[in-house]
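One letter stands for each residue in the lines below.
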Amino acid sequence: MNFHILTLFPEMILSGLSHSITGRAMDKGQISVNAVDFREYATNKYKHVDDYPYGGGAGMLIQAEPVYLAYEDLVKKMEKKPRVIYVTPQGDVFRQSMAEELAKEEDVIFLCGHYEGIDERVLEEIVTDQVSIGDYVLTGGELPVMVMIDAISRLVPGVLNNDVSAEFESFNDNLLEYPQYTRPAEYHGKKVPDVLLSGHHANIEKWRREQSLKRTLERRPDLLQEANLTKKDLKYLKSLGYEADSK
Ligand code: 6GU
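Note that the structure is predicted; figures quoted are calculated from it, not measured. (Residues numbered from 1 in each chain as written. Predicted model: local features only at pLDDT ≥ 70, side-chain atom pairs only at ≥ 80, totals over all residues. Heavy atoms only, no water.)

1. Observations regarding the overall build of the protein chain
Note the threshold: Secondary structure counts use DSSP, requiring at least four H or I residues in a row for a helix and at least two E residues in a row for a strand, with both numbered from the N terminus. Exposure classes here rest on a 1.4 Å probe applied to the protein chains alone. A residue is buried below 20% of its type maximum, exposed above 50%, and partly exposed in between. We call two residues contacting when some pair of their heavy atoms lies within 4.5 Å. To measure how exposed things are, a 1.4 Å probe is used in the Shrake-Rupley method; for residues, cover is taken only from the protein chains shown. Charged-residue counts in this description rest on Lys and Arg as positive and Asp and Glu as negative, His and the chain ends being excluded. By convention, the charge on Lys lies at NZ, on Arg at CZ, on Asp at CG and on Glu at CD.
Secondary structure assignment for the protein chain yields 11 helices and 10 strands. Projected onto its principal axes, the C-alpha positions of the protein chain cover 70 × 40 × 40 Å. Taken over 247 residues, the protein chain has a buried fraction of 41%. Partitioning the contacts of the protein chain with sequence separation of at least 6, the portion at a separation of at least 24 is 72%. Carbon and sulfur atoms provide 49% of the accessible area of the protein chain, an area that totals close to 15300 Å². Taking the average place of the 29 positive charges on the side chains of the protein chain and the average place of its 40 negative ones, the gap between the two points comes to 9 Å.

2. Considering the site of the ligand
The following threshold applies: The rule for a residue being near a molecule or strand is that one of its heavy atoms must lie within 4 Å of it. Think of a polar contact as two N or O atoms within 3.5 Å of one another; within protein, one of them needs to be a possible hydrogen donor and the other a possible acceptor, and neighboring residues in sequence only count if both atoms come from side chains. Buriedness of a pocket was judged along seven lines, with at least five required to meet protein on both sides within 12 Å; pockets are open sets of points on a 1 Å grid over the protein atoms alone, cavities are sets where a 1.4 Å probe fits but cannot get out, and lining residues have an atom within 4 Å of a point. In this description, a molecule resides in a pocket or cavity if more than half of its atoms sit within 2 Å of the grid points defining it. Note on residue classes: Ala, Val, Leu, Ile, Met, Phe, Trp, Tyr, Cys and Pro are nonpolar, Asp, Glu, Lys and Arg are charged, and everything else, Gly too, is polar.
Contacts to the ligand come from Val87, Thr88, Pro89, Val131, Ser132, Ile133, Gly134, Tyr136, Leu138, Gly140 and Pro144. The side chain of Ser132 places a nitrogen or oxygen atom 3.2 Å from a nitrogen atom of the ligand. A distance of 3.1 Å is found between a nitrogen atom of the ligand and a backbone nitrogen or oxygen belonging to Leu138. At a threshold of 2 Å from the grid points, most atoms of the ligand map onto the largest pocket. When residues of the shell around the ligand are traced back to their parent elements, those giving at least two are β5 (83-93) and β8 (129-132). Here the shell around the ligand gets three residues from one element, more than from any other, and that element is β5. Per-class residue counts for the shell around the ligand are seven nonpolar, four polar and no charged.

3. Some remarks on the pairing of strand β1 (residues 2-7)
Here is the rule we go by: Criterion used throughout: strands pair if DSSP finds at least two bridges between them.
Taken across its six residues, β1 has five buried, putting it largely inside the fold. Looking at chain direction, β1 and strand β2 (residues 32-37) are connected through six bridges and run parallel. Looking at β2, one finds that Leu6 is bridged to Val36.

4. Observations concerning the side chain of Thr22
Take Thr22: it is sitting in helix α2 (residues 20-27). Once residues within four sequence positions are removed from consideration, Thr22 is found in contact with Leu17, Ile31, Asp150 and Ser153.

Pasting the structure below:
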């Protein structure tokens, strides 16, 4: 899968993604990260790509033309028109389901404003999706782009080893992870739950499922609406005081 990012800070994105799992996926060619500086497409000799907003007001805006030229240069090498994601706090909030959808694409273009916005006309012309990563304001779209590329990359086949991808399955289930422990069996007076030392596989699975359900009920009850719950799960949740919505 190929990620293309139009940004004023390409180094920030490359350095952020070139470690750990995304870095290894880049080395193996499972993903590519092509960060393009708008300034290369400036139409003046000073390489300026921003200007004052018409009507006045604080800050500067990125001009339409360099954004369009950078986009055109990328798209001409592609077989089909790619999704173009404008990263903005005004967009739809990014979710796991969006990551799953985007992981199926061959090429995706992200468009980052920094403290500056972008001329609305080029947004109307090229953008297919406007996406935010949550209800808080950041100084620019570079961190959100890294967040989204990370979330999408781990869904690209081969990027995670099988153990970890099983973990993804459990989030897919819309339940939070159960607690986990490693040696020693007692730490600062706290013991690892006996069942985990018992070697009884079925009991361990039951305990883990119940811990996931309990944790989700306590911390993110909203997720239970979308979870695939069995009769047993519902019975357990009911014992904790959960009332299932009749959908
Ligand atoms: Cl996508 N951009 C900025 N600047 N701030 C944000 C955001 C995006 N998502 C949440 N906050």
